[in-house]
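Inside the fold
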Amino acid sequence: MPKENKKIPCHECKKMIPKSAAVHAEGKDYVLHFCSIECMDYWKKKQKKEKKNS
Ligand SMILES: [Zn+2]
């Protein structure tokens with residue numbers, strides 16, 4: 001059974017996508033999955049904003 005057929009939700013827009021097609025963002029202690037580069041960029045921009053505010 002190929003595990004690649006498993007579907008996961010995009011971290012940003014919650015759309016279900018096949019894991020094999022997901023875009024990954026890796027940090028020190030986490031791996032996030034996105035449906036597209038656009039969603040990953042959007043999330044990255046949000047992270048920068050939150051860091052500035054704190
Ligand atoms: Zn998305």
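Residues numbered from 1 in each chain as written. Predicted model: local features only at pLDDT ≥ 70, side-chain atom pairs only at ≥ 80, totals over all residues. Heavy atoms only, no water.

1. Some thoughts on the coordination of the zinc ion
Within the protein, the atoms that donate to the zinc ion are Cys10 (SG), Cys13 (SG), Cys35 (SG) and Cys39 (SG), at distances of 2.3 to 2.4 Å. What the 4 donor atoms of the zinc ion show is an angle range of 102 to 115° at the metal, which sorts the shape as tetrahedral. Along the chain, the residues that donate to the zinc ion are spaced as C-x2-C-x21-C-x3-C. One end of the pair, Cys13, is in the loop between β1 (7–9) and β2 (16–18); the other, Cys39, is in helix α1 (residues 37–53), with 26 residues separating them in the sequence. What makes Cys13 partly exposed here is its relative accessible area of 40%. Owing to a relative accessible area of 12%, Cys39 belongs among the buried residues under this scheme. (Donors = N, O, S within 2.8 Å, 3.2 Å for Na, K, Ca; no water. Tetrahedral: all angles 85-135°; square planar, octahedral: opposite > 155°, others 65-115°. Helix = DSSP H or I, 4+ residues; strand = E, 2+ residues; numbered from the N terminus. Buried < 20%, exposed > 50% of the residue type's maximum accessible area, 1.4 Å probe, protein only.)

2. Some thoughts on the nonpolar core
Ranked by size, the top nonpolar core spans 12 residues in total: Ile8, Cys10, Ile17, Ala22, Val23, Ala25, Leu32, Phe34, Cys35, Cys39, Met40 and Trp43. Residue contributions to this core peak at 3 residues, all from α1. In contact with Trp43, not counting residues within four places along its chain, are His11, Glu12, Ala25, Tyr30, Leu32 and Phe34. (Core = buried A, V, L, I, M, F, W, Y, C linked by side-chain atoms within 4.5 Å. Contact = heavy atoms within 4.5 Å.)

Keep in mind these numbers describe shape, not what the thing actually does.
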